[in-house]
Amino acid sequence: MDLISIALGGLAAGMVLFIVSVGLSVTMGLMGFVNLAHGGFAMLGGYVIVQTMKLWGLPFFAAVAVGFVAIAALSVLLEKLLYARLYRASELDQVLFTIGLVLVMIASITLGFGPETQTVVLPEWLRGQTDLGFIRYRTYSLAIIAAGVLLAAALWLGFERTRIGAQIRAAVDNRRMAESLGIDVGRLFTLTFALGGGLAAVGAGLGAEILGLDPQYPLRYLIYFLIVVAVGGLGRVTGVFFAAALIGILDFVLKIHFPKGGTMFIYALTLALLLWRPQGLFGRRSG
Amino acid sequence: MTAPAGPGLAAARALADRHRVKWWEAAPWLAGVALFFFLPSYLAFGTQLVIAILFALSLDLVMGYAGIVTLGHAAFFGAGAYTVGMLAAHAGWNEPLSGLVAAALVAGAIGLASGYVLLRTQGLTLLMLTLCTMALLEESANMAHEYTGSFDGMPGLQFQAILGLFPFDLLYYRSQYLYALVVLFVCFVVVRMLVYSPFGQSLTGIRENVLRMHAVGAPVRARLVIVYAISAAIAGVAGALFTQANAYVNLATLGLDRAAGVLIILILGGYGRLYGAFVGAIAYMVLEHVLARAYPTTWQLGVGLLLIAVALYARNGILGIADALWRRLRAAVAR
Amino acid sequence: MAALLETRQLCKSFGALEVARDIDFRLERGARHALIGPNGAGKTTLVNLLTGVLPPSRGAVLLEGEDLTALPQAKRVKRGIARTFQINQLFRGLTVLDNVYIAVAERLGAGGSMFRPAGRRADVIAEASGLLETLKLEGDAGRRIHELPYGRQRLVEIAIALGLKPRVLLLDEPAAGIPSAESHILLDAIAGLPKEIAVLIIEHDMDLVFRFAERITVMVSGAIFAEGPPAEIAGNREVRAVYLGSADV
């Protein structure tokens, strides 16, 4: 496969990772809460999207919108009922709680829908290939890349140009100072948690052809989400974007040229990187 | 210096006596031996139980006492398991006791190296890196499939008799069980000694308030790396026991499932309490044995709900609940 | 004569925010020195710089002429610098005796001992118990920190610092939180310190400051504003204006 095809394929996978992980990065940067269940929200959203298409015959994008809203709502519910009680808890308690939550999610989906991989029926215009001039490539992958880039741009604008965006950035940098300036960090967190959950749902649905969708999704990709977030730097949208793109392309290249031990390289690289820069590529060192 | 009087003396005495063996500490070992005589058909299960307790004990050192939250402890379990497996399959070295030593050394060395490098970080970064290290080892084992058999693992391993006298018996697990029990006892004695030593107490200090430990001049990172290496060695012994007792090893010994499983066991029983590993392993594995066979998905659901409940209400596990009840009982009686 | 502890043009900034500016500070042997100043003047920051909690942006910290600037906190403690924190930093789940035991054990080099039980070190237990008696804490020796009122916890904080037998003792608002009925315990403990130890106290309680100090440094906005014996500082009109206010001292 030539270089451009590889780059595009990897970039598509990376964009899926980005869309799913960006919410995790911001909520972790904001509250320091280790949310290992994030992949579970993604998976639930993916199933909502697939099932509304199957059961109610909704068109693809309507289903995606439904998935976004449903998981955003679920995120708010769980945040208010459960997550909020553990903000001051130890890291261990947060890890335990979120592991428990993701197990509940996985088990529920398995009980409800069985362990098989779900298939998404793409709309007509996303199938087939598109001619970009220098290459003909899968329309679906190109659409995902476009979606990821657009989302990154939208989020960047949101963070840089809106008041809420500025508040979120301030709170990520220094929560105590932000609170003393009167910023309601709790409300911000609920908002970002909802948005992040919704985006995760969208990412899982959109990316169902690339990453697959089955009950093991959250645990299989947990380490990828964490790598993307840690390497990108907590709370940095641009960081997550580039980290996700990098990991996506790297993983794709390695799977093709080194199918045996490719992922090893990613783990080793992450280890080396985080040891050199614990705050990630784009994060800011605290203190 | 005059001897302290009154409540000061009582406290000093309590501290001086803390390490003394209490009568009930014999109970788990008596129960272990009793199992051998009264429930001989359950010795295979008993062996897995003993191995799980040993593994959880190693995690307690690092997580319960030193406060290092790790999701990658199976790296050391697997390292020990594969060391013994590969030595037996490829080097013809299948003497069990020396195999244990080799496993402890290999796992301990990996623990020392990774601890030295990882324990510079903390929080999410550390958690991530422990996961990465374990994934790295898992992938390496997967890649070296001529040596490790990859996903299929290495079945049909053969080991010499223990001390030349007690052959491994895959049907009834008689020798395995007592062998594992003795190894557990020895390792437990070591862990208990560490926990009650000033070193062990400094680990608790590090867990409770690391800034304060720096401020009393303690070499915090050195202590953490040492306990991480020791814990890794013990986890390696547990892994080695696994391979020897079951005569096979596979990638699952290095996986997230096993790492998460031992975490759940320790939390369930109560971390930082020395016997939490025993209580947690017994509770978890008995329940799993009874429920998981029949309804694996419901079992997963139940474990998830349990974890959520524990994180919210019962952070100190079963022993913590027992402790709280005991204290209430004593307070009620005292009135 | 070289001071026991001194800083040379010590500076610290967080981005554009300068919290310590060109500080030349000297703490002499046997000093009874107080550091005062309005909130945010940088007093705790200076202590953090002296103890190694914060690395400086520029400048040096010297102990008996030896440059400590590159040394981390724990190593400075081993050289003889101990401090208490403005907000208690204790081992909340452990008993009072345990808290002091840990400090004494570290000082004696026993903290890393793995093979003998902690309870067998009778010397450590005895010394820790003695420190509790000095601070009238022996009644609470067996109680866990989180069960004690804040003022008593404060005394444990002091006991830990004393257990390190330092050459330089830095106390960050030691009296804050101690009820007036018990403040004499603190004063007696400080008065009873060996004469060779250099003691620096950050305090807002002027009563305590003027009873204790033989020398006072006033800090304002990250820099040393004035320095001298108590009478001189009390009489300094600018100091009064900036900090002491118009209250008679």
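Quick caveat: nothing in here was measured; it's all calculated off a predicted structure.

What counts, and at which threshold
Residues numbered from 1 in each chain as written. Chains lettered and ligands numbered in written order. Predicted model: local features only at pLDDT ≥ 70, side-chain atom pairs only at ≥ 80, totals over all residues. Helix = DSSP H or I, 4+ residues; strand = E, 2+ residues; numbered from the N terminus. Rg over C-alpha atoms; globule rule 2.2 N^0.38 Å. Buried ≥ 20, exposed ≤ 12 C-beta atoms within 10 Å, placed from the backbone. Pairing = 2+ DSSP bridges. Axes fitted to C-alpha atoms, helices over the stretch in contact; angles between N-to-C directions. Contact = placed C-beta atoms within 7 Å. Nonpolar A, V, L, I, M, F, W, Y, C, P; charged D, E, K, R; others polar. Parallel < 35°, antiparallel > 145°, perpendicular 65-115°, else oblique. Left-handed = near helix turned anticlockwise from the far one by under 90°. pLDDT = per-residue confidence, 0-100. Domains from an automatic or database assignment. Core = buried A, V, L, I, M, F, W, Y, C linked by C-beta atoms within 7 Å. Expected span 1.5 Å × (residues − 1).

1. Looking at the overall build of chain C
Within chain C one finds 9 helices and 11 strands. Its C-alpha atoms give chain C a radius of gyration of 18 Å, within 12% of the compact-globule value 18 Å for 249 residues.

2. Topic: unusual backbone geometry
In the Ramachandran plot, A247 of chain B falls in the positive-phi region, its phi being about 60° despite a non-glycine side chain. The topology assignment puts A247 of chain B in the loop between α11 (220-246) and α12 (256-269). Note on A247 of chain B: 17 C-beta atoms within 10 Å, which makes it partly exposed. Its identity as a non-glycine residue notwithstanding, D22 of chain C has a phi of 45°, on the positive side. In this structure, D22 of chain C sits in strand β2 (residues 17-23).

3. What about the sheet that holds strand β9 (residues 198-202) of chain C?
Residue and element names in this part refer to chain C. Taking strand neighbours across the sheet as the criterion, the 6 strands line up as β7-β8-β9-β4-β10-β11 in an open arrangement whose pairing is mixed. One side of each edge strand has no neighbouring strand; the edge strands of this open sheet are β7 (81-84) and β11 (223-228). Neighbour-to-neighbour, the strand axes of this sheet turn through a mean angle of 20°, independent of strand direction. Bridge analysis of strand β4 (residues 32-36) against β9 gives 4 bridges, and the strand direction is parallel. Opposite A34, over in β9, you have I201 as the bridge partner. Sheet strands touched by helix α5 (residues 150-163): β7 and β8 (168-172). Its angle to β7, the strand with the most contacts, is close to 180°.

4. Considerations on the pairing of β7 of chain C
All names here are of chain C. With burial as the criterion, each face of β7 is covered, one bearing I81 and R83 and the other bearing A82 and T84. Summarising the sheet, β7 and β8 pair through 4 bridges and their orientation is parallel. Considered in β8, the bridge of I81 is made with V168.

5. What to know about the interface of chain C and chain B
Of the residues lining the interface, 42 residues belong to chain C; the matching set on chain B comes to 36 residues. When contributions to the side of chain C that touches chain B are tallied by element, the ones reaching two or more residues are α2 (73-79), α3 (96-107) and α4 (122-134) of chain C. Per element, the largest residue contribution to the side of chain C that touches chain B is 7 residues, and it comes from α3 of chain C. Looking at the side of chain C that touches chain B, its residues break down into 21 nonpolar, 12 polar and 9 charged.

6. Details of the arrangement of the chains
Summarising the chain contacts, 2 pairs of chains touch, and the pair with the most contacts is chains B and C. One thing to see here is that chain A and chain C don't touch, and their nearest C-alpha atoms sit 8 Å from each other.

7. Observations regarding the packing of helix α1 (residues 3-31) of chain A against helix α5 (residues 139-161) of chain A
Residue and element names in this part refer to chain A. Contact pair α1 / α5: the axes reach a minimum separation of 8 Å and the direction vectors enclose 45°. Classified by the interaxial angle, the pair formed by α1 and α5 is oblique. Judged by the sense of rotation from one axis to the other, the crossing of α1 with α5 is left-handed. Here L8, G9, L11, A12, M15, V16, F18, I19 and V22 of α1 come into contact with α5, specifically with S141, I144, I145, A147, G148, L151, A152 and L155.

8. Comments concerning the interface of chain A and chain B
The interface is formed by 35 residues belonging to chain A together with 33 residues belonging to chain B. Those elements giving two or more residues to the side of chain A that touches chain B turn out to be α4 (91-113), α10 (217-232) and α12 (262-276) of chain A. Among the residues forming the side of chain A that touches chain B, the class breakdown is 25 nonpolar, 6 polar and 4 charged.

9. Topic: the confidence of the model for chain C
Across chain C, the average pLDDT comes to 90, with 96% of residues at 70 or higher. Confidence estimates for the predicted assembly give a pTM of 0.91 and an ipTM of 0.92.

10. Quick word on the domain arrangement of chain C
All names here are of chain C. Parsing chain C into structural domains produces domain 1 (1-80 + 166-249) and domain 2 (93-164). Its C-alpha centre places domain 1 at a distance of 26 Å from the equivalent point of domain 2. The partner domain 2 presents 10 residues to the 11 residues of domain 1 that form the contact. Ranked by residue count, the leading element in the side of domain 1 that touches domain 2 is helix α6 (residues 183-191), at 3 residues. Of the residues assigned to the side of domain 1 that touches domain 2, the class counts are 9 nonpolar, 1 polar and 1 charged.

11. Details of the nonpolar core
Ranked by internal contacts, the top residues of the largest apolar core, which has 295 residues, are V228 of chain A, I53, L54, A56 and V237 of chain B together with V100 and A159 of chain C. Examining the composition of this core, we find that 18 residues originate from one element, α11 of chain B, more than from any other. In terms of domain composition, this core takes at least three residues from each of domain 1 (1-80 + 166-249) and domain 2 (93-164) of chain C. Other than its neighbours up to four places away in sequence, V100 of chain C contacts A128, L131, L132, A159, I160 and G163 of chain C.

12. Details of the pairing of β4 of chain C
Residue and element names in this part refer to chain C. Among the 5 residues that make up β4, 5 are buried, leaving the element largely enclosed by the rest of the structure. As paired elements, β4 and strand β10 (residues 215-220) share 4 bridges and run parallel to each other. Of the residues in β10, the one forming a bridge with H33 is R215.

13. What about the environment of Y271 of chain B?
All names here are of chain B. Locating Y271 in the fold gives a position in the loop between α12 and α13 (276-292). Distance from Y271 to G320, taken between C-alpha atoms, is 8.8 Å for residues 49 residues apart in sequence. Beyond its immediate stretch of four places on either side in the chain, Y271 contacts D60, M63, G64, L266, G276 and G317.

14. Section: helix α1 (residues 43-51) of chain C
Residue and element names in this part refer to chain C. Taking burial as the measure, the 9 residues of α1 include 9 buried ones, the bulk of the element. Of the positions making up α1, those classed as buried are K43, T44, T45, L46, V47, N48, L49, L50 and T51. A positive phi of about 95° marks G52, the residue just after α1.

15. Some details on α3 of chain C
If you check α3 of chain C, its first and last C-alpha atoms are 17 Å apart, about what 12 residues at 1.5 Å a residue would give, namely 16 Å. Of all the 12 residues making up α3 of chain C, 12 are buried; the element is thus mostly covered by neighbouring parts of the structure. Restricting attention to buried positions, one finds in α3 of chain C the residues V96, L97, D98, N99, V100, Y101, I102, A103, V104, A105, E106 and R107 of chain C. Where α3 of chain C is buried, its residues touch α1 (6-17) and α9 (198-208) of chain B together with α4 and α5 of chain C. Positive backbone phi, approximately 75°, marks G109 of chain C, located one or two places after α3 of chain C.

16. Quick word on the packing of α1 of chain A against helix α6 (residues 163-173) of chain A
When two helices pack together, you describe them by how their axes are tilted relative to each other and by the distance separating the axes. All names here are of chain A. Following both chains from N to C, one finds α1 and α6 inclined at 55°, their axes separated by 7 Å at the closest point. With respect to α6, the axis of α1 lies oblique. Seen from above, α1 lies across α6 with left-handed handedness. Here V26, G29 and L30 of α1 lie close against α6, whose contacting residues are I168, A171 and V172.

17. Let's talk about the environment of V33 of chain B
In this structure, V33 of chain B sits in helix α2 (residues 27-38). When the 12 C-beta atoms within 10 Å are taken as the criterion, V33 of chain B is described as exposed.

18. A closer look at the environment of V237 of chain B
Residues and elements named next belong to chain B. Take V237: it is sitting in helix α11. For the pair V237 and S58, spaced 179 residues apart in sequence, the C-alpha separation works out to 9.7 Å. With near-sequence residues (within four places) excluded, V237 lies in contact with L54, G80, L100, A103, A104, V183 and C187.

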